[in-house]
Amino acid sequence: MKNSIYLSIICLIFAACGSGGGDDPVTPPATNTAPTAPVLSIPADNKLCLDNNVSFQWNASTDEQKDAIVYQIQIAKDNAFAQIVNTLDNSSLSTSALALEKNTAYYWRVKATDAKGLSSAYSSTFKFYTAGTAVVNHLPFAPEIISPAINAALSTSTATLTWNASDVDLSDVLTYDVYFGTANPPTAKVSENASSKSFEVALQPTTLYYWKVVVKDNKGGETVGQVWKFKTN
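Everything numeric in this text was worked out from a predicted model, so none of it was measured.

1. A look at the pattern of salt bridges
Reasoning step 1: If you walk through the whole model with that rule in mind, you get eight salt bridges.
Reasoning step 2: Glu 101 is paired through a salt bridge with Lys 77; the nearest N and O atoms lie 2.6 Å apart. Highlighted residues: Glu 101 in the loop between β7 (98-99) and β8 (105-114) and Lys 77 in the loop between β5 (69-76) and β6 (84-90), separated in sequence by 24 residues.
Reasoning step 3: When its relative accessible area of 43% is taken as the criterion, Glu 101 is described as partly exposed.
Reasoning step 4: The network of salt bridges with common partners includes Asp 177, Lys 189, Glu 192 and Lys 216.

Take a look at the structure:
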């Protein structure tokens, strides 16, 4: 009789221990994702502004979790953003007018950050020029790299250096000086006063190369580009 009672108790214990198997699984918290990158609007790319008091506008980013978004606006005097003149945090899609220097090229970009601190990539970079008093000529904008990409690793014996450049004075004729070599910054001028936006160079294996482009207009203005680099395998 006692054995039967003990056996019944043991069975009840096992049944109680196994009763949790039907519980609903715990739903993990949703993963936060970054907002989309903003799209720039005003001033338009390559714009010649009629005034040096400039406001900035862009299109809204979207956030999958519907988080509140704050935008960071960077305004610089170079397209590498090493010479930043203003960094603004803004919850709206525009800024009030900023007083900038006259007769100066500027570059700007925006990124979005959600309420949880996750940021998008920066937008594309737009450039504009502020008008000056009785300005006859505007300097060209800094050149923009096309290829090889910065820090690219090439397995070829030659490479075609390719870039783009522009000027708000649309009638200006642009020419280019190309500097290329293993020194940083490069001092060897391998091409001068060329009209083409590309130049082919010979390469050695396992070497780090640096290059830059100087953009010149036909009115005596010139802009020195940043130093770019790549390596060979």
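2. With respect to the packing of aromatic side chains
The geometry of an aromatic ring pair is captured by two quantities: the separation of the ring centres and the angle between the planes.
Reasoning step 1: A full pass over the atoms with the stated rule returns 13 aromatic pairs.
Reasoning step 2: Geometrically, the ring pair formed by Tyr 107 and Phe 141 is edge-to-face, given 6.2 Å between the ring centres and 70° between the ring planes. In this pair, Tyr 107 is assigned in strand β8 and Phe 141 in the loop between β9 (126-130) and β10 (144-147), connecting sequence segments 34 residues apart.
Reasoning step 3: Taken together through their ring pairs, the aromatic side chains of Phe 56, Tyr 106, Trp 108, Phe 126 and Phe 128 make up a single cluster.

3. Structural notes on the sheet that holds β8
Reasoning step 1: The five strands are arranged β2-β9-β8-β5-β6 in an open sheet whose pairing can be described as mixed. In this open sheet, the two edge strands, each paired with only one partner strand, are β2 (47-49) and β6. Strand-to-strand, the axes of this sheet are offset by a mean angle of 25°, without reference to chain direction.
Reasoning step 2: For β8 and β9, the ladder comprises four bridges, and the chain directions are antiparallel. Paired with Tyr 107 across the strands is Lys 127, a residue of β9.

4. A word on the environment of Thr 133
Reasoning step 1: Tracing the chain through its elements places Thr 133 in the loop between β9 and β10.
Reasoning step 2: Overall, the relative accessible area of 66% leaves Thr 133 in the exposed class.

5. Side note on the pairing of strand β13 (residues 175-181)
Reasoning step 1: Of all the seven residues making up β13, six are buried; the element is thus mostly covered by neighbouring parts of the structure.
Reasoning step 2: Two elements, β13 and strand β14 (residues 189-194), share three bridges in a ladder whose sense is antiparallel. Directly across from Tyr 179, in β14, lies its bridge partner Lys 189.

6. Here's the deal with the nonpolar core
Reasoning step 1: Leu 161, Trp 163, Phe 180, Leu 203, Trp 211 and Phe 230 are the most contacted members of the largest nonpolar core, which has 18 residues in total.
Reasoning step 2: Of all the elements in the fold, those that place two or more residues in this core are β11 (152-154), β12 (158-164), β13, β16 (208-216) and β18 (228-232).
Reasoning step 3: In terms of residue count, β16 provides more of this core than any other element does, four residues in total.
Reasoning step 4: If we skip the residues at most four places from it in the chain, Leu 203 touches Leu 154, Thr 156, Ser 157, Thr 158, Ala 159, Phe 180, Tyr 209, Phe 230 and Thr 232.
Reasoning step 5: Among the nonpolar cores identified, the runner-up in size contains 17 residues, and Val 54, Phe 56, Trp 58 and Leu 98 belong to it.

7. Notes on the confidence of the model for the protein
In low-pLDDT regions, the fine details of the predicted coordinates are not to be read closely.
Reasoning step 1: Taken as a whole, the protein shows an average pLDDT of 89; of its residues, 87% reach a score of 70 or greater.
Reasoning step 2: Scored below 50 in pLDDT, residues 11-19 shows zero contacts in the model against residues more than four places distant or in partner chains.

The rules behind the values
Residues numbered from 1 in each chain as written. Predicted model: local features only at pLDDT ≥ 70, side-chain atom pairs only at ≥ 80, totals over all residues. Heavy atoms only, no water. Salt bridge = Lys/Arg side-chain N within 4 Å of Asp/Glu carboxyl O. Helix = DSSP H or I, 4+ residues; strand = E, 2+ residues; numbered from the N terminus. Buried < 20%, exposed > 50% of the residue type's maximum accessible area, 1.4 Å probe, protein only. Phe/Tyr/Trp six-rings, centres within 6.5 Å; stacked < 30°, edge-to-face > 60°. Pairing = 2+ DSSP bridges. Axes fitted to C-alpha atoms, helices over the stretch in contact; angles between N-to-C directions. Core = buried A, V, L, I, M, F, W, Y, C linked by side-chain atoms within 4.5 Å. Contact = heavy atoms within 4.5 Å. pLDDT = per-residue confidence, 0-100.

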